[in-house]
Amino acid sequence: MSLTSTTADGTQIVTVNAERIDAAMAIQFKEDMRSTTENGPDRVILDLSEVKFIDSSGLGAIVAAMKQLGQGRKLDLAGLTPMVDKVFRLTRMDTVFDLYPSLPDAQAVNRVES
Amino acid sequence: MVDSFSCSFTATELDARTGVQDVVNRLREMGVPEARADEVQIALTEAVNNVVEHAYAGMDVGDVRIRCNLDPEQLWISIGDAGVPFKDGQLPAGTRQDLNVSLEELPEGGFGWLLIRELATDVQYERNDAGNNLSLRFEIQMRNAKPA
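Numbering of residues starts from 1 in each chain and follows the order in which that chain's sequence is written. Chains carry letters and ligands carry numbers; both start at the beginning, A for chains and 1 for ligands, and go up in the order they are written. pLDDT decides what is reported in this predicted model: residues at 70 or higher carry local features, side-chain atom pairs at 80 or more are listed and counted, and totals for whole chains, interfaces and linings draw on all residues regardless.

Enquirer: Would you take a moment to explain the overall build of chain A for this structure?
Expert: Each helix and strand in chain A was counted, giving 4 helices and 7 strands. Here chain A has a C-alpha radius of gyration of 13 Å; the compact-globule value for 114 residues is 13 Å, and the two agree. Along the first, second and third principal axes, the C-alpha set of chain A runs to 30 × 25 × 25 Å. Here chain A holds 114 residues, and the buried ones make up 43% of them. Remark: residues whose backbone-derived C-beta atoms lie within 7 Å of one another are considered to be in contact. Within chain A, counting contacts between residues at least 6 apart in sequence, those at least 24 apart form 78% of the total. Where helices and strands are cited, they refer to DSSP runs of H or I of at least four residues and of E of at least two residues respectively, numbered from the N terminus. Only the C-alpha atoms count toward the radius of gyration. The rule for a globule is 2.2 Å times the residue count to the power 0.38. In this scheme every C-beta is placed from the backbone, and a residue whose C-beta has 20 or more other C-beta atoms within 10 Å is buried, one with 12 or fewer is exposed, and one in between is partly exposed.

Enquirer: Which parts of the structure should I look at to understand the pairing of strand β2 (residues 63–70) of chain B?
Expert: If a strand is regular, its side chains alternate between the two faces of the sheet. Residue and element names in this part refer to chain B. Only one face of β2 is buried, namely the one carrying Val64, Ile66, Cys68 and Leu70, since none of Asp63, Arg65, Arg67 and Asn69 on the opposite face is buried. Strands pair, by our definition, only if DSSP identifies at least two bridges between them. Sheet topology note: the strand β1 (residues 3–10)/β2 ladder contains 8 bridges and is antiparallel. The partner of Asp3 across the bridge, within β2, is Leu70. Hairpin connection between β2 and strand β3 (residues 74–81): a loop of 3 residues separates the two successive antiparallel strands.

Enquirer: Whenever I open this one, the sheet that holds strand β6 (residues 74–78) of chain A confuses me. Can you help?
Expert: Pairing between the strands of a sheet is mediated by backbone hydrogen bonds and can be parallel or antiparallel. Residue and element names in this part refer to chain A. A sheet is described by the order of its strands in space; here 5 strands give the open sequence β1-β2-β4-β6-β7, paired in mixed fashion. Here the strands that pair on one side only, and so sit at the sheet edges, are β1 (3–8) and β7 (99–100). Looking at chain direction, strand β4 (residues 43–47) and β6 are connected through 5 bridges and run parallel. Bridge assignment links Arg43 to a residue of β6, and that residue is Lys74.

Enquirer: What is the right way to look at the sheet that holds strand β4 (residues 122–128) of chain B in this model?
Expert: Residues and elements named next belong to chain B. Taken together, the 5 strands give an open sheet; going across it, the order is β1-β2-β3-β5-β4, and neighbouring strands pair in antiparallel fashion. The sheet is open, and its two borders are formed by β1 and β4, each paired with just one other strand. Direction aside, neighbouring strands of the sheet carry axes that sit 15° apart on average. With 7 bridges joining them, β2 and β3 adopt antiparallel strand pairing. Directly across from Ile66, in β3, lies its bridge partner Ile79. Angular values range over 0 to 180 degrees, each being the angle between N-to-C directions of two axes fitted as lines to C-alpha atoms, with helices fitted over their stretch in contact. Contacts from helix α2 (residues 34–55) reach β2, β3 and β5 (131–139) within the one sheet, and its direction differs from that of β3 by about 15°.

Enquirer: Just to check I follow, could you spell out the UniProt feature "domain: Histidine kinase/HSP90-like ATPase" (unreviewed entry) in chain B for this structure?
Expert: UniProt positions are given in the numbering used here, feature names are shortened, and annotations may be inferred rather than shown by experiment. Taken from the UniProt record, the annotation "domain: Histidine kinase/HSP90-like ATPase" (unreviewed entry) applies to residues 15–137 of chain B. From the first C-alpha to the last, residues 15–137 of chain B spans 23 Å; its make-up is 37% helix and 24% strand.

Enquirer: Can you help me understand the nonpolar core in this one?
Expert: Considering soluble globular proteins, one finds that nonpolar side chains tend to be buried as a cluster. Counting 67 residues, the largest nonpolar core has Leu46(A), Leu27(B), Val40(B), Ala43(B), Leu44(B), Val48(B) and Leu75(B) as the members making the most contacts within it. At 10 residues, the largest contribution of residues to this core is made by α2(B). Ignoring anything within four residues of it in the chain, the contact list for Ala43(B) reads Leu115(B), Ile116(B), Leu119(B), Ala120(B) and Leu136(B). A set of buried Ala, Val, Leu, Ile, Met, Phe, Trp, Tyr and Cys residues, joined to one another through C-beta atoms within 7 Å, is what we call a nonpolar core.

Enquirer: Would you take a moment to explain unusual backbone geometry for this structure?
Expert: Glycine aside, residues mostly have negative phi angles, and peptide bonds mostly take the trans form. Residue and element names in this part refer to chain A. Positioned with a positive phi, Asp9 is a non-glycine residue whose angle comes to about 50°. Residue placement: Asp9 occurs in the loop between β1 and β2 (11–16). Residues other than glycine seldom take positive phi values, yet Asn39 does so here, at roughly 55°. Tracing the chain through its elements places Asn39 in the loop between α1 (26–37) and β4. A residue is classified by how many C-beta atoms lie within 10 Å of it, and Asn39, with 4 of them, is exposed.

Enquirer: Can you walk me through the interface of chain A and chain B in this structure?
Expert: Interface size is commonly expressed as the accessible surface area that is lost when the partners come together. Taken residue by residue, the interface counts 21 residues in chain A and 20 residues in chain B. Residue classes in the side of chain A that touches chain B are distributed as 10 nonpolar, 6 polar and 5 charged. Residues are sorted three ways: Asp, Glu, Lys and Arg are charged, Ala, Val, Leu, Ile, Met, Phe, Trp, Tyr, Cys and Pro are nonpolar, and all the rest, Gly among them, are polar.

Enquirer: Honestly, the confidence of the model for chain B in this entry has me stumped. Any pointers?
Expert: Caution applies to low-pLDDT regions: their predicted coordinates should not be interpreted in detail. pLDDT is a per-residue confidence score from the predictor, ranging from 0 to 100. Across chain B, pLDDT averages 93, with 96% of residues at or above 70. Among the prediction metrics, the complex's ipTM stands at 0.91, with pTM recorded as 0.93.

Enquirer: How do you make sense of the UniProt feature "domain: STAS" (unreviewed entry) in chain A when you look at a structure like this?
Expert: Residues given the UniProt feature "domain: STAS" (unreviewed entry) here are residues 21–110 of chain A. Helix makes up 46% of residues 21–110 of chain A and strand 17%, and the two end C-alpha atoms of the span are 27 Å apart.

Enquirer: How should I be thinking about helix α3 (residues 82–90) of chain A in this particular structure?
Expert: At 3.6 residues per turn, the α-helix brings residues three or four places apart onto the same side. When α3(A) is considered as a whole, its buried residues turn out to be Val84(A), Val87(A) and Phe88(A). Seen end-on, α3(A) carries its buried residues on one side only, within an arc spanning 100°. For α3(A), the secondary structure elements touched by its buried residues are β5 (53–54), α2 (56–69) and β7 of chain A together with α2 and α3 (112–119) of chain B. Directly beyond the C-terminal end of α3(A), a positive phi value near 65° is found at Arg92(A). Each C-beta atom gives one direction from the helix axis, and the arc is the one those directions make.

This is the structure in structure tokens:
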């Protein structure tokens, strides 16, 4: 699973360089997120703009990635493509995460909720 | 006029991925509108993942057999496997879980049946000597249904 990480203005941006987060890659994604976000800034933005498809395993892995951050840190999601957006809304996980239409939209909100 | 096709593939995560994509691409070619084909892909992926993860758990991996019947208003997809039956012979309810909980208590699974039940118009399950047969029905508004 390819993830790219950059940190700017106290925010870590993790970009998923894959078209799918599905059952075949969910465990790898969760592990890669753990190592990528270890000891980073409090706010992490996950850029999903290249991800065209997610299934329930991938969704669970994103929830797990947020839990791994622990209290006081936050995972925001940016750039959801139509099918990914649909899965988040149908499962009401759009109420658990803050979703932004694009990475710049997410970056424009530069704050960490306590 | 009903168009139909069937296929089968080995119940592994990677074969399931390409198998489902092939089925959905074919449905698009047959005129299922893009947005509904996306929804079929989400529901079918969950149904097939369940076969991969549960039906053949603890035994030699077998096949997933898929048959699609498409008429101008409806799509039926039957998903067959030779694995173990659903627990208590019943399909999971796929009810919503409480998301108004602390971070640690957020569910990381249990979304698959919720997605299937939200997206399919009707779901039927039958267990027979050959194994499991799950039938998903989707209402479809066909794009330019081709003349027979």
